[in-house]
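Given next are the chains, with one letter for each unit.
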Amino acid sequence: MPATAIIGAQFGDEGKGKITDFFAKQADIVVRYHGGNNAGHTVVVGSNKFKLHHVPSGVVHGKRVLIAAGVVIDPRVLDEEISRLPDSNEINLGIDSRAHIIMPWHNLQDSAQEQSKGSAKIGTTGRGIGPCYADKAFRSGIRFEDLADRKRLQKRMGEIFPHKKKLLEGVYGAKVEFTEREVFAQYSALGEKFSKNMCDASLEVHNALRSGKQVLFEGAQGTFLDNDFGTYPYVTSSHPISGSFATGIGISPLAATKIIGVAKAYTTRVGEGPFPTEIEGEFAKKLRDAGSEYGTTTGRPRRVGWLDLALLKTAHRLNGFTEIAITKLDVLSGLEKLKVCTSYTLDGKKIEQLPASTDDIARCKPNYEELEGFEITGEETRFADLQLEAREYLRMTEEHLGIPVSVVSIGAERGKTILR
Ligand code: IMP
């Protein structure tokens, strides 16, 4: 039985939480496989708003949820997040023993590095994601299996902490206000608490798929924050593109036959980095407020821009989407005219996809087509209920990408989702 992957097609914050929640009701297991608590997935059910950072969105449906090996976990955040969930004692969470742990020194290093970069800063979420992944690659990380075992944690911390302290104080001039003993006390208690959740997510997903169960792979961040294929260095430290579900979970790349790209009906970005269709000024503020475009994790105002089909075409190439889900179409309701970028001009030449170099991306001038605006009442339940102009907007997306728009979201609530 095949799995379905939900992937961010832009710069993150596309509404993957809502789309995952929508598909989670048919799934047996929902898996997060990369990133950490830099992600903020919002799921709205009635008057309840769930803000999830680590726990897969399937938790709201009471499903088995897994945090796979490719994720980096801050156990302090995970603990707090779980305590805010209703029925927190009943959540069915498995954590892969191989997942890496965000330690307090990672947060400190993240902010110290950002500060030292001055105006060249990345604009990270400050959650220690980059330093944690760097330590993993550097073989100086602490894994969940270490956290869950006092002796191993003590040994590992003894090897790592003195070196980290020297680095933070000596190189970055940072003030390390925690002692090894304090961190050990806090983390070993959390390790003990979560030890019952330890699992082998790779094996579990493999077995589930073999026995015909439905598994949903919940991506985080977005394609253009990918460490290799995003606008480097203004990227995250993991791989939001679809290929990483295989390495993040430890399963075959053929496991998913449905790869749903999630894109907002316009574009947003948080943090620094090029953004070809960015809008500034009064209209940007209006759009930002209409879409409540303020970060779930950091509260930062998001940069906003027009829908960029050249960017989405590039995302399709990088991910192999089988279909697209368009979110927040309602936010555009009432605008007289809409602009859609269909190509760029770079050094006098027309190009249809993003170039590889970030400097070149920054020099791309968007070429727009203008479309008639539309109204969304919020009462639409079928594709055919959407105004002709709204359908034209979606049709243009389909035409450019050569894949269907299978889901359209016209509001934050579960019910405001149109399935084609
Ligand atoms: P980091 O992942 O905290 O290291 O941040 C690196 C870049 O990715 C920054 O520009 C962040 O704003 C961005 N970023 C990380 N996670 C998310 C997310 O979930 N949504 C949107 N942007 C994100």
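Keep in mind that what you see is a predicted model, and the values were worked out from it rather than measured. (Residues numbered from 1 in each chain as written. Predicted model: local features only at pLDDT ≥ 70, side-chain atom pairs only at ≥ 80, totals over all residues. Heavy atoms only, no water.)

K.L.:
Is there a simple way to think about the pairing of strand S20 (residues 405-409) in this case?
P.N.:
Consecutive side chains along a regular strand alternate between the two faces of the sheet. Within S20, five of the five residues are buried, which leaves it mostly tucked inside the rest of the structure. In this sheet, S20 lies alongside strand S16 (residues 323-327) in parallel orientation, the contact comprising three bridges. In the strand pairing of S20, Ala325 is matched with Val407. Summarising the sheet, S20 and strand S21 (residues 417-419) pair through three bridges and their orientation is antiparallel. Looking at the pairing, Ser409 lines up with Thr417 of S21. (Buried < 20%, exposed > 50% of the residue type's maximum accessible area, 1.4 Å probe, protein only. Helix = DSSP H or I, 4+ residues; strand = E, 2+ residues; numbered from the N terminus. Pairing = 2+ DSSP bridges.)

K.L.:
Got a minute to help me understand the site of the ligand in this structure?
P.N.:
The environment of the ligand is formed by 15 residues, the closest being Asp13, Asn38, Thr125, Thr236 and Arg300. Measuring from an oxygen atom of the ligand, one finds a backbone N or O atom of Gly123 at 3.4 Å. Thr125 is positioned such that a nitrogen or oxygen atom in its side chain is 2.6 Å from an oxygen atom of the ligand. Here the ligand, which alone exposes 480 Å², has 96% of that area covered by the protein. Its residues placed into classes, the shell around the ligand shows six nonpolar, seven polar and two charged. (Near = heavy atom within 4 Å. Polar contact = N/O pair within 3.5 Å; in protein donor to acceptor, adjacent residues only side chain to side chain. Areas by Shrake-Rupley, 256 points an atom, 1.4 Å probe, with all protein chains shown as cover. Nonpolar A, V, L, I, M, F, W, Y, C, P; charged D, E, K, R; others polar.)

K.L.:
Is there a simple way to explain the nonpolar core in this structure?
P.N.:
Soluble globular proteins tend to pack their nonpolar side chains together in the buried interior. If you look at the biggest cluster of nonpolar residues, it comprises 72 residues, and the most contacted ones within it are Phe217, Phe245, Leu329 and Tyr393. If one sorts the elements of this core by residue count, helix H11 (residues 309-319) sits on top with six residues. Residues Val55, Trp105, Phe161 and Ala325 belong to the second largest nonpolar core, which totals 48 residues. (Core = buried A, V, L, I, M, F, W, Y, C linked by side-chain atoms within 4.5 Å.)

K.L.:
I keep staring at the packing of aromatic side chains and nothing clicks. Help me out?
P.N.:
For any pair of aromatic rings, the description consists of the separation of the ring centres together with the inter-plane angle of the planes. The full count for this structure, using the stated rule, is eight aromatic pairs. Ring geometry for Phe11 and Phe224: centres 5.9 Å apart, planes at 55°, overall tilted. Residue Phe11 is found in the loop between strand S1 (3-8) and helix H1 (16-24), and its partner Phe224 is found in the loop between strand S10 (215-218) and helix H9 (244-249); the two are separated by 213 residues along the sequence. Each member of the aromatic cluster is reached from another via a ring pair, and the members are Phe11, Phe224 and Phe275. The aromatic ring of Phe22 is capped on one face by Lys25, whose charged end is 4.2 Å from the ring centroid. (Phe/Tyr/Trp six-rings, centres within 6.5 Å; stacked < 30°, edge-to-face > 60°. Lys NZ or Arg CZ within 6 Å of the ring centre and 35° of its normal.)

K.L.:
How should I be thinking about the packing of helix H3 (residues 104-117) against helix H4 (residues 129-137) in this particular structure?
P.N.:
A packed helix pair is summarised by two numbers, namely the angle formed by the two axes and the spacing between the axes. Packing of H3 against H4 leaves a shortest axis separation of 7 Å and a crossing angle of 115°. The orientation of H3 with respect to H4, classified from their angle, is roughly perpendicular. The handedness of the crossing between H3 and H4 comes out as right-handed. Facing H3, whose interface residues are Trp105, His106, Gln109, Asp110 and Gln113, H4 presents Ile129, Pro131, Cys132 and Asp135. (Axes fitted to C-alpha atoms, helices over the stretch in contact; angles between N-to-C directions. Parallel < 35°, antiparallel > 145°, perpendicular 65-115°, else oblique. Left-handed = near helix turned anticlockwise from the far one by under 90°. Contact = heavy atoms within 4.5 Å.)

K.L.:
Whenever I open this one, unusual backbone geometry confuses me. Can you help?
P.N.:
Residues apart from glycine generally show negative phi values, whereas peptide bonds are mostly found in trans. Residue Pro233 follows Tyr232 across a cis peptide bond; omega there is 5°. Tracing the chain through its elements places Pro233 in the loop between S10 and H9. In this structure, Gln221 is a non-glycine residue whose phi angle is positive, near 55°. Take Gln221: it is sitting in the loop between S10 and H9.

K.L.:
Teacher, can you tell me more about the sheet that holds S20 here?
P.N.:
Hydrogen bonds along the backbone pair up the strands of a sheet, which may run parallel or antiparallel. As summarised here, the arrangement of the ten strands in space is S9-S7-S5-S2-S10-S1-S11-S16-S20-S21, forming an open sheet in which the pairing is mixed. Since the sheet does not close on itself, it has two edges, and those belong to strand S9 (198-199) and S21, each with one partner. Most of the contacts of helix H13 (residues 388-401) go to S20, to which it runs at about 145°, and overall it touches S16 and S20.

K.L.:
Would you take a moment to explain the sheet that holds strand S12 (residues 267-269) for this structure?
P.N.:
Pairing within the open sheet is antiparallel, and its three strands lie in the order S12-S14-S13. Either end of the sheet is taken by a strand with one partner, and the two such strands are S12 and strand S13 (278-279). Both S13 and strand S14 (residues 303-305) contribute to a ladder of two bridges, which runs antiparallel. Counted as the bridge partner of Glu278 is Gly305 from S14. The sheet contacts of helix H10 (residues 282-290) involve S13 and S14, and relative to S14 the element is tilted by about 100°.

K.L.:
How should I be thinking about the side chain of Ser406 in this particular structure?
P.N.:
Assignment of secondary structure puts Ser406 in strand S20. Residue classification places Ser406 among the buried positions, given a relative accessible area of 12%.

K.L.:
What's the story with the pattern of salt bridges in this structure? I'm lost.
P.N.:
Pairing between side chains becomes possible if they bear opposite charge and their charged atoms approach one another. For the structure shown, the criterion picks out 31 salt bridges. The partner of Asp146 in a salt bridge is Arg152, with the nearest N and O atoms 3.2 Å apart. Salt-bridge contacts for Arg363 lead to Asp360; the nearest nitrogen and oxygen are separated by 2.8 Å. One end of the pair is Arg363 and the other is Asp360, both in helix H12 (residues 358-363) and three residues apart, which spans about a single turn. (Salt bridge = Lys/Arg side-chain N within 4 Å of Asp/Glu carboxyl O.)

Purely geometric numbers; function is a separate question.
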